[in-house]
There are 2 protein chains.
Amino acid sequence: MLNRYREEYFINLNPIQAGGKTNSLIRKVATNFVDGYSICDYCAGALHRIEKPPVCKLIIDLAKFLGTDEVVLTHGAREGKFMVMNLLLDPGDVIIIDSNRHYSTYVATEGVKARVYEVPCTSYPYFEITPDAYEETIKEIIKKEGTSPKLALLTHVDGDYGNLTNALEISSICKKYEIPFLLNAAYTAGRMKVNAKELGVDFLVCSCHKSFGIPGPLGILGISEKYKDIFLKKSEKYPKKDISLLGCTSRSASTATLIETLPHLENRVENYEEEVEKARFFVERMESLGEIKQIGVKPKKHDLIRLETPFLYEMGLKHRKKGYFLYEELQDRGITGLTPGQTKWFKISTYGLTWKQVKYLVGAFEEIVHQETNNF
Amino acid sequence: MLNRYREEYFINLNPIQAGGKTNSLIRKVATNFVDGYSICDYCAGALHRIEKPPVCKLIIDLAKFLGTDEVVLTHGAREGKFMVMNLLLDPGDVIIIDSNRHYSTYVATEGVKARVYEVPCTSYPYFEITPDAYEETIKEIIKKEGTSPKLALLTHVDGDYGNLTNALEISSICKKYEIPFLLNAAYTAGRMKVNAKELGVDFLVCSCHKSFGIPGPLGILGISEKYKDIFLKKSEKYPKKDISLLGCTSRSASTATLIETLPHLENRVENYEEEVEKARFFVERMESLGEIKQIGVKPKKHDLIRLETPFLYEMGLKHRKKGYFLYEELQDRGITGLTPGQTKWFKISTYGLTWKQVKYLVGAFEEIVHQETNNF
């Protein structure tokens, strides 16, 4: 019954889906561990200590892969962000975040009752978060509050424009002001090389269902040595149980699939340059179709692409299906992931598509545009 | 590679596994939704609003199934307990919990820095949490603290002895003292009939990977009308996003499998009496084997069984494999789930086994005992 909602035979352009697509090996592992608590068959007192399958080795390998001192598994990036805020902030404390942050970053600040200062982005059409603006906002906070914010958060690549921020420069600024620095790498770690140490990051949050090609919910929180005692504090009565993890977090097949996929991720991130090339190629060809414009920093450094498409909007006005023509025409060509009816602008990702598929995609848009133009 | 750790061809006696075993239909749905965010293909602004697949209908049906006013999905029972404590308690506030509670209950109290009073259980061999002891502890708190605890938690069936507590009577006591009442139904809801309204429960937490026969991590938190505003508070900037859920929780295949399984659960809980019969039969036959004794309240009202087995321990002392003989002999007969080496006592569950399997299990123990006895 539920089958019909799935889109495995489609090219799915939805940016939140692109990096979470599984391969057949991952599907097999997920099925092997599908039963309730099956990852815990050989429980060793806590999830990260399990030796069969080797979760304990996974934790060590992840720390190496991400360049962090400590690693814990979370249910996702948002849960990692909440954990950091909850452990470092008291109600009323000030946090600085970038204005391109994911909504869940903002909601997490509400959850811990923090007071928020947002770093503004540059104006249309780039919407860039610059190190200068970040430092300006810190200075403004110090001026108003008399003290630095208790925590700084930066979105490595945001979900609106796919802009890659300068994490290294911003982490250096935060170091200067002695502010713990949290990098939300949900759209980067697992896709491209992210090394917490090299970027000067105190806390790194990752989303495995967004960017590691495995089923969710699963996330990773990388923690620098300095904060180990706060984050890995054990229960007084249960010395194997981490308080911040309530003992164990992702007691599910997702953890088993992460073990399976990690050795392949080195390769995956090595090849990210080609993903960027595909995105740039797609943008170039789309912009040549008519009044279509890539929004955000140019040229693209990430696969998430936002296009402003007044041209398609105009076409919809004259179409008997109105704005829905675009969604339906794409659907007919085995392409999905756009919001039905949306034509003024849209966000897509070309991540993981073959060159053949990218060209097919461009061809599909060309066909739709020309067909419609000829029908006028 | 990971295959070899799975035990699908075994009878798994581990109580945390028994109620989470999936059937082929659930495995199919899990595979359909295995990709990263696939449940969110048609996002409607929040997980519980998704219409394709019908998560929004699931929420309504779950509230009816569990007799609660409101329902939210969580990552598991422990996350539900933490959510309730985090929203209702300030650091230093007093919570009353039963001493048979899961370790994660205690760890969650540490996470919110609450002060804990534990209701003692009766002595060996019953370890029962009685309504009288619960009320006595409340009175003691009032005497010492000058006020009632801010929250009361009761474990419906505990994971050590499988004792079913009198939730109705204890909820009435809590009402009398105006204490919000949280019932941890991780070992009951999904196995047996649990109706929050009929039991006078303000908050009900359930574990789907423990007792709903689906993959984890997934839990349910039922909330009574009275606490709706606190628990379902929306973000100021994002009016569709629940703060306590950070927007969305279990954005995974687990949620899809819960949709699929819920219509079958009515039947599953209706047949629970037979599961209790199997447990009682098993206990009776085991106790007839020698110096073996069921610990906890008798007769069993739940499938989780704790046996004290000094008889098997004595056998191990004389065996060349020492205490490991039991684990290995069972393993040879396709039975797993005991801790290797453990013979003085163990916990098992007969949940979901057919009568034929229960009899096979009893036969296996009889065989091991007699074979070993004859070898002396």
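The structure displayed is predicted, hence computed values, not measured ones.

1. Points about the domain arrangement of chain A
Residue and element names in this part refer to chain A. Parsing chain A into structural domains produces domain 1 (24-269) and domain 2 (271-371). Once you take the C-alpha centre of each, domain 1 and domain 2 turn out to be 31 Å apart. Taken together, the 20 residues of domain 1 in the interface contact 16 residues of domain 2. For the pair domain 1 and domain 2, the summed buried area comes to about 1600 Å², and 53% of that belongs to carbon and sulfur atoms. It is Tyr124, Tyr161 and Arg191 that lose the most area in domain 1 upon contact with domain 2, and together they represent 30% of the buried surface on that side. Where domain 1 touches domain 2, the interface holds 2 salt bridges. Two residues, aspartate 303 and arginine 191, come together in a salt bridge whose shortest N-O distance is 2.8 Å.

2. Comments concerning the interface of chain A and chain B
Taken residue by residue, the interface counts 72 residues in chain A and 72 residues in chain B. Here chain A meets chain B over a buried area of about 6300 Å², counting both sides, of which 56% is carbon and sulfur. Remark: the boundary between chain A and chain B carries 6 salt bridges. The partner of aspartate 35 of chain A in a salt bridge is arginine 27 of chain B, and the shortest N-O contact between them spans 3.3 Å. Here chain A and chain B share 25 residue pairs in polar contact (both at pLDDT 80 or more) between them.

3. What to know about the relation of the copies chain A and chain B
The transformation that overlays chain A on chain B combines an axial shift of 0.0 Å with a rotation of 180°, and the residual RMSD is 0.0 Å. Read as a symmetry element, the transformation amounts to a two-fold axis. Proximity to the rotation axis, assessed at the C-alpha, singles out threonine 31 of chain A in chain A; its C-alpha lies 3.5 Å from the axis. When the interface residues of chain A are mapped onto chain B, 100% of them are again interface residues, pointing to one common binding face.

4. Notes on the sheet that holds strand β9 (residues 293-295) of chain A
Residues and elements named next belong to chain A. Read from one edge to the other, the open sheet built from 3 strands follows the order β9-β10-β12, with strand pairing classed as antiparallel. Both outer strands of the open sheet, β9 and β12 (345-349), are each paired with one neighbouring strand and no more. When strand polarity is set aside, the average angle formed by the axes of neighbouring strands in this sheet is 35°. Sheet topology places strand β10 (residues 304-308) next to β12; 5 bridges connect them, and they run antiparallel. Note that in β12 the partner of arginine 306 across the bridge is lysine 347. Contacting β9, β10 and β12, helix α12 (residues 272-287) crosses the sheet at an angle of about 10° to β10.

5. Quick word on unusual backbone geometry
The general pattern is negative phi for most residues beyond glycine and trans for most peptide bonds. Of note, the amide linkage connecting lysine 52 of chain A to proline 53 of chain A takes the cis form, showing an omega dihedral of -10°. If you trace the backbone, proline 53 of chain A turns up in the loop between α2 (24-32) and α3 (55-66). Following glycine 216 of chain B, the chain continues into proline 217 of chain B via a peptide bond in cis, with omega recorded as -5°. Looking at the element boundaries, proline 217 of chain B is found in the loop between α9 (208-211) and β8 (219-223). Unlike most non-glycine residues, lysine 322 of chain A shows phi in positive territory, near 50°. Locating lysine 322 of chain A in the fold gives a position in the loop between α13 (310-318) and α14 (324-332). The backbone of phenylalanine 127 of chain B shows a phi angle near 50°, a positive value even though the residue is not glycine. For phenylalanine 127 of chain B, the position within the fold is in the loop between β4 (115-119) and α6 (131-145).

6. Remarks on the packing of aromatic side chains
Residue and element names in this part refer to chain A. This model, assessed by the stated rule, comprises 20 aromatic pairs over all chains. A ring pair is formed by phenylalanine 203 and tyrosine 227, whose centres lie 4.8 Å apart and whose planes are at 50°; its orientation type is tilted. Pair noted here: phenylalanine 203 is in strand β7 (residues 203-207) and tyrosine 227 is in the loop between β8 (219-223) and α10 (228-231), with a separation of 24 residues, a long-range link. The class for tyrosine 227 is buried, based on a relative accessible area of 10%. Their ring planes at 15° and their centres at 5.9 Å tell us that phenylalanine 346 and phenylalanine 365 sit as a pair that is stacked. One end of the pair, phenylalanine 346, is in strand β12; the other, phenylalanine 365, is in helix α15 (residues 355-375), and 19 residues separate them in sequence.

Procedures and definitions
Residues numbered from 1 in each chain as written. Chains lettered and ligands numbered in written order. Predicted model: local features only at pLDDT ≥ 70, side-chain atom pairs only at ≥ 80, totals over all residues. Heavy atoms only, no water. Domains from an automatic or database assignment. Contact = heavy atoms within 4.5 Å. Buried area = accessible area lost by both parts, 1.4 Å probe. Salt bridge = Lys/Arg side-chain N within 4 Å of Asp/Glu carboxyl O. Polar contact = N/O pair within 3.5 Å; in protein donor to acceptor, adjacent residues only side chain to side chain. Least-squares fit on C-alpha atoms with pLDDT ≥ 70 in both. Pairing = 2+ DSSP bridges. Helix = DSSP H or I, 4+ residues; strand = E, 2+ residues; numbered from the N terminus. Axes fitted to C-alpha atoms, helices over the stretch in contact; angles between N-to-C directions. Phe/Tyr/Trp six-rings, centres within 6.5 Å; stacked < 30°, edge-to-face > 60°. Buried < 20%, exposed > 50% of the residue type's maximum accessible area, 1.4 Å probe, protein only.

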